[in-house]
Each structure stands twice: as structure tokens, then as C-alpha cells.
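Per-entry structural report
The primary structure of each chain is shown beneath.
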Amino acid sequence: MCGIVGYTGPNQAVGYLLEGLKTLEYRGYDSAGVEVVGTDGALHGVKCAGRVSALVERCETANLVGTTGIAHTRWATHGAPTERNSHPHRDCSGRISVVHNGIIENFRELRGYLRRNGHELVSETDSEVIAHLIEDAWEGPSRGDLVGAVRSAVGRLEGSWALAVVCADAPGQIVCARNGSPLVVASTSDGAYAASDVTPLASVTSHVIQLENGQVARLEQTGRVSVFDEHGVEVGAPSSMDIDWDASAATLGGYADFMAKEIAEQPEAIERLLTGRMGSRGVLLDELALSREELAAIDRVYLIACGTSYHVGLIARTLIQTWAHVPVVCDYASEFNYERDVLVTPNTLCVVITQSGETADTLTAARRMRGMGCKVFAITNVLGSTAARESDGVLYVQAGPEVCVASTKAYTAQMVASALLALRLAEARGAMGHEEAERHYRDLCALPDLIREVISRSWQDKRAAAVFRRAHSALFLGRGVNATTAYEGALKLKEISYLHAEAYPAGEMKHGPIALLEPGFPVVAIVPEDRVHDKTVSNIQEVIARGATCVAVATDGDESVASLVEHVLWIPAAPDELLVPIVAVVHLQMLARYVARLRGCDVDKPRNLAKSVTVE
Ligand code: M6R
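Per chain, the residues get numbers from 1 upward, laid out in the order the sequence is written. Reporting in this predicted model follows two pLDDT cut-offs: at least 70 for local features of residues, and 80 or more for side-chain atom pairs to be given and counted; totals over whole chains, interfaces and linings ignore these cut-offs and use all residues. Water and hydrogen atoms play no part in the side-chain values, which are based on all heavy atoms of the structure.

1. Some remarks on the side chain of Thr8
Just so we agree on the cut-off: Where helices and strands are cited, they refer to DSSP runs of H or I of at least four residues and of E of at least two residues respectively, numbered from the N terminus. The definition of a polar contact used here is a pair of N or O atoms within 3.5 Å, where within protein one atom must be able to donate a hydrogen and the other to accept one, and adjacent residues in sequence count solely through side-chain atom pairs.
By secondary structure assignment, the location of Thr8 is in strand β1 (residues 3-8). Of note is the side chain of Thr8, whose polar atom sits 2.8 Å from the side chain of Thr68. At a separation of 3.1 Å, a polar atom in the side chain of Thr8 contacts the main-chain carbonyl oxygen of Gly172.

2. As for the packing of helix α7 (residues 266-274) against helix α14 (residues 434-455)
Convention followed: Every axis in this analysis is a line fitted to C-alpha atoms, fitted for helices over the stretch in contact. Angles between the N-to-C directions lie between 0 and 180 degrees. When an angle is under 35 degrees it counts as roughly parallel; over 145 it counts as roughly antiparallel; between 65 and 115 it counts as roughly perpendicular; any other value is oblique. Crossing chirality is assigned from the near helix's rotation relative to the far helix, an anticlockwise turn below a right angle marking it left-handed and a clockwise turn marking it right-handed. Any two residues whose heavy atoms approach within 4.5 Å are treated as being in contact. Residue type decides the class: Asp, Glu, Lys and Arg count as charged, Ala, Val, Leu, Ile, Met, Phe, Trp, Tyr, Cys and Pro as nonpolar, and the leftover types, Gly among them, as polar.
For the pair α7 and α14, interaxial distance at closest approach is 8 Å and the crossing angle is 165°. Taken together, the axes of α7 and α14 are roughly antiparallel relative to one another. Relative to α14, α7 is oriented so that their crossing is left-handed. Every residue of α14 that contacts α7 at Gln266, Pro267, Glu268, Ile270, Glu271 and Leu274 is listed here: Tyr441, Leu444, Cys445, Pro448, Ile451, Arg452 and Ile455. Across the contact of α7 with α14, the residue classes tally to nine nonpolar, one polar and three charged.

3. So, the nonpolar core
One broad trend across soluble globular proteins is that nonpolar side chains are buried collectively. To be explicit about the condition: Joining through side-chain atoms within 4.5 Å is the link that ties buried Ala, Val, Leu, Ile, Met, Phe, Trp, Tyr and Cys residues into a set, and such a set is a nonpolar core. Throughout, exposure labels follow a simple rule: accessible area from a 1.4 Å probe, protein chains only, divided by the maximum for the residue type, with under 20% read as buried, over 50% as exposed, and the rest as partly exposed.
Residues Ile320, Trp323, Phe468 and Phe476 are the most contacted members of the largest nonpolar core, which totals 99 residues. Excluding residues within four positions of it along the chain, Phe476 makes contact with Ala486, Gly489, Ala490, Leu493, Ala501, Glu502, Ala503, Tyr504, Val524 and Leu588. Core analysis: the second largest hydrophobic core is formed by 30 residues, Leu146, Ala149, Val150 and Cys167 among them.

4. Structural notes on the sheet that holds strand β18 (residues 328-332)
Our working definition: Here a strand pair is declared whenever DSSP counts at least two bridges between the two strands.
Strand order in the open sheet formed by five strands is β18-β17-β19-β20-β21, and the pairing between neighbours is parallel. On the outer flanks of this sheet lie β18 and β21 (393-396), each paired with one strand and no other. Neighbour-to-neighbour, the strand axes of this sheet turn through a mean angle of 20°, independent of strand direction. Relative to β18, strand β17 (residues 300-305) is paired through five bridges, and the arrangement is parallel. When the bridges of β18 are listed, Ile304 appears paired with Asp331. Sheet strands in contact with helix α13 (residues 409-428) are β17, β19 (348-354), β20 (375-380) and β21, and its direction is about 145° off that of β20.

5. Let's talk about a negative patch on the surface
Test applied: Note on patches: the residues involved have over 30% relative accessible area and no salt bridge, like charges join within 9 Å, and the nonpolar side chains Val, Leu, Ile, Met, Phe, Trp and Tyr join within 5 Å. Areas reported here follow the Shrake-Rupley algorithm with a probe of radius 1.4 Å; residue values treat only the protein chains shown as occluding. Here, a salt bridge means any Lys or Arg side-chain nitrogen found within 4 Å of an Asp or Glu carboxyl oxygen. Charge assignment in this entry is limited to Lys and Arg as positive and Asp and Glu as negative, and neither His nor the chain termini are counted. We put the charge of a Lys on NZ, of an Arg on CZ, of an Asp on CG and of a Glu on CD.
Residues Glu105, Glu109, Glu158 and Glu616 make up a contiguous surface patch of negative charge. By the element assignment, Glu616 lies in the segment after α19 (580-598).

6. Things to note about the packing of aromatic side chains
Threshold: The aromatic pairing rule takes the rings of Phe, Tyr and Trp, using the six-membered ring of Trp, and pairs them if the centres are within 6.5 Å, calling planes under 30 degrees apart stacked, those over 60 edge-to-face and the rest tilted. Sitting over a ring, as applied to charges here, requires NZ of Lys or CZ of Arg to be within 6 Å of the ring centre and within 35 degrees of the ring normal.
Summed over all chains, the structure comprises five aromatic pairs. Ring geometry for Tyr7 versus Tyr193: centroids 4.9 Å apart, planes at 50°, classification tilted. Within this pair, whereas Tyr7 is found in strand β1, its partner Tyr193 is found in strand β10 (residues 191-195), the two being separated by 186 residues in sequence. What makes Tyr7 buried here is its relative accessible area of 2%. Taking the relative accessible area as the measure of exposure, Tyr193 reaches 5% and is therefore buried. Residues Tyr16 and Tyr193 carry aromatic rings whose centres are separated by 4.8 Å and whose planes lie at 75° to one another, so their mutual orientation is edge-to-face. Taken together, the residues span a long stretch of sequence, with Tyr16 in helix α1 (residues 14-24) and Tyr193 in strand β10 at a distance of 177 residues. Relative accessible area serves as the criterion here: at 15%, Tyr16 is assigned to the buried category. Pairwise contacts between aromatic rings join Tyr7, Tyr16 and Tyr193 into one cluster. Over the ring of Tyr113 we find Arg156; its NZ or CZ atom is 4.2 Å from the centre of that ring. Taking NZ or CZ as reference, Arg607 lies 3.9 Å from the ring centre of Tyr498, over its face.

In C-alpha cells form, the structure reads like this:
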């Protein structure tokens, strides 16, 4: 979850390192630090608690001069977010410096060992041990060989790591290592670069090398990059990929925050994903990498994900079961990983849904399923992510970089991707004819305009946000597929406005949550025109009868709702009620954003969270 960036080359390092950290800040933002190998042959660094902006301010007076350096933005796992615990961490001599993303599981044992051998550890982090282990190797058999010293150190680690290391006695070099946590490096005519993901590299190159687990890389000032496998043998053709992300896609482009920008980008993202997906013989989804026969044989689908992506899974479950008539299990990855009895058949398809493609729980689940002989298909947004690389097939949702920690455009794009998968399965299994599939495809193609319409009504969300300004809690209700819309709306609200929010299927309210209601208690009900509309209206009546304040998401012209509630967030009628969640949720994204702003919260970087959760 932490962000790492490194540069060695002909230019001063600090400017690029700080710019790189800014683009990676979504990975963690509780403390940050930078270190360069100075022209005087010593390490010079600055660290501080707080955001990258605080580090930038400190660097303005620190005058860090050097053309080789590493930097880090942290999401605390071991030790509070203090200056002492922030990275980079040095060894006892102060000549070796390390930034780390991941968790060293055996760090207690290693700390004991290092202390017994005279090392002085100054932080509470697991990461600091790495600098001291490298020091041991450097002082011993690996003197003068930074790659060897890093290899020796990582040989003693258990857990996950992406590392970048500099040493004052190996000027012009950065050594990187990867196990479990992602790391990409790039060789250019202007030096060599390292980063946790491609975001900071998009401005300097269009081609990156993805380190594999167990690999170590040496970056040199000339721009040369050498990659070594776990035996220390140089890898002839390391795994690489082209980046086709436009670097400007990760900038605000005039919006107040990334959340606003990413909400606005949803129609185009969905259009991109849908373009050219219907052929004369059916839905085109070659990414599945399964023949029609193999698809037809699938008799069970496991959908596994976390957070917002799990909510995509709940919608996907309904779409696949309804359209393709295949039984579907949908589970949180963190729960699935510790379930004893997972019932798979030889023809079970596992689909992992993950915006980042790096969520540790989801990756563990995918590996478990592959270990049981299942084909694994990934729906993800990030090109070349671990989930994409470790799966049998991958569908990129092409939403573009999602920077705001709260997922918006990836959520709606992933639901559309799931719909394509459901249609492909339905056709292959003979559960749906071509004409019917075409009709559903046309319905999907109507979504971008419906979402545009909802976005144009953001003033309704802005007005309704006042209801939540001083609230302590809120209840979200919905039935059927829109119970999931309620879950997602509550998640958005709590993660960016710190307002406690709970979501329930509307019919379940009477079995407990109704006790929460009192005059003024805010309730959000999702009540579109669908088969459960009247039942949900009855639930709204129960809410109103207890004096609660109701905000409803309803279909244009629905007076039965408008006459009951305080505020209506209107949605245009969708061609298929199963697709309503993809439209309705946009109001809840905007509502959460307005509430967060009213409450003075940073919508893009909510406290305690990180965009990509690479620890279990
Ligand atoms: O990258 P992933 O989709 O695997 O991430 C899963 C969750 O961490 C993520 O959806 C999280 O819940 C978001 N912050 C929600 O907005």
C-alpha cells in the first residue's frame, strides 16, 4: 500500500522523486520521506509525518543535491505514522538506505537477532530490519556488491516486499527487489526509474519492466537496468509492458478533486469498454481465453473481491444467474481465504474483481482457486497488475487511472464488464439467443447517456447533503439488486465523510435496524420503478411514520415517492431493472462527496485508507 519511487541518472533526483510521490500518494499518505546520495559521498534525506505536501515544504529548505535517490509515501502497518517511523530507513552506518512496501512477518525475530549482534534499531517498523540485514551482508561476504547484499538480506525475510535501496558506497546505483508487492522499473536515455506502479513512470517512458516475485534489479546512472532471478542469474528478457496511459489522465484537469473528475468520467469509460463488443456471432470477449465449449461446460462461478469490488460481485451474481443460469457464489476475499470447505467442480470458473489488481486478499483467493484447478478470470482496471498477470484471462475495464481512494468509475465500469461476461456465458451455454443478447447489449449502450443525465442533476445531491451535515449515523435501504446500491452508497458515505452509515435490504429493516429510527434520523432509500417498488414504498412509509428524514432515489415522475419524502434524487428510467444500480449509484457517489465537503473532509484521501490494500 505504500508508494515507492526511485531515480538514478544525469539529472537532479529530488524534483522527480517528489513529483512521483504525489502521483503515488493514493497508496498511502500518513508520512513520507526522500533520500539522495549526495555529491559529498554521503546520504542526505528528509522525512516527516503527514502528507507529501509537508515533505515538499521541508525539502524546499533542505537543498538535497544528488542524482540518485529513493522516496516513499507510507500507509502505516507497524508503528504509528511518525517521522521516526517514516521511510527511508538507514542502517547503523548511515550509508545504506531502504524504502519498503509490504510486511516483514518475521521482523520480531530479526530485530532480536540484529540487536543481539550490536545493531541499533531506532524505529518501531518492520521495514528497518532490512537496512540492517543489508549492512550485515555488505560488511561481510557482499562487500562492494549491492545486488549480492540485497539478495542476501531478502533471503532472510518472510512476508512481502517491494524494496528500493541506495548505498553511499555504491553511488549511481539503486537496487530493487520484489516479493508479493508490485514494483516496476524502467530504462530510459535519461536515467533509470523505479516505482510501485506505472503512474509516476507514465510521464517519462512508455515501456516498463515488471519485476517478478524473487527478482532483484540493479538500476544504473546510465539508464541501464539488469534483472536477476532468485539464483542471481541475469534474466535475458524480463517481463515488460507498454503503458498506454496518458500522464495527464492522472491530473485534476480543472476539477476540484479527483472524485469529481472520476464521477464525470463514467459515461466515457463505459462507452470505451462497450465499443466493438457485439459481433455477428455474439458478444466479443476473447479476453476470457476459454473456447465456447469450455464456457458451455462451466457449472459454477465463484466471484471474489473486496470492498466496492465485492459490491460489483453481488450485482454480477444476479446478472450471471439470471442471464446465464449458472449458480454463483460471491464472497469477500478475506472471508473466502479462510473458509474450510470450498466446493469447486472441475468446471468452476473463478472471477476476481479488483480495480487495482493488487489487493492482497483477492490475490490470495485467486491463487487458492488456481491451486484447486479452477480457471481464474480477472476483471481489473490496472494494466499489467498482479491479478492480470496471474490469471488465465483478464478483462481490462479501461476506466483510466482512478486516483481518488473512493472507487467510482471503476465500480460502474466493472459492473458493465460483469454484464458482458454474463452475456457471453449465457450465449455459450445456450441460455440466451443472439437477438436477446443484442437487446441486452443495446441496453448497456444506453447507460452512458443515462449516467450523463444523472450527473447533470448533481444539484439534487448538493441540496440533500444538508440532511447529513450534523448527523451521527445514516441508514441506506434498497431491495433486490438495489440492496447492493444501498451497500455501496453507505460505503461511499462512511469512507469519505466519516459518518457512520449502515445498509440493509429494505425488507430486513423491521427485523432490527428500525430501532435506530427517531425524528430527523437520515434514511436513504433506493426505490426505482421495478418489481419490488411498492414493497419498498411501504418500507419508506414505516420510516416516515417514525419521524425519520428520508432521501429517496426514484424514477422520474414517481409521485408515490415524491409525496412521501424530504428529498428525491431523480433517475431517468433504465431499459432493464437489473441495470438500474449502474445509474442509481451515481447519485449516491455525488451525495457522499457533497456530504464529505460539507463536513470538511478530504474526499480524495480519507483518513486511515489507501487505494490499494496490499496487506491481508
Ligand atoms: O483494488 P480493489 O478493487 O481490489 O480494492 C478493493 C477495495 O479495497 C476498494 O474497493 C475499497 O473498498 C474502496 N476504497 C472503495 O471505495
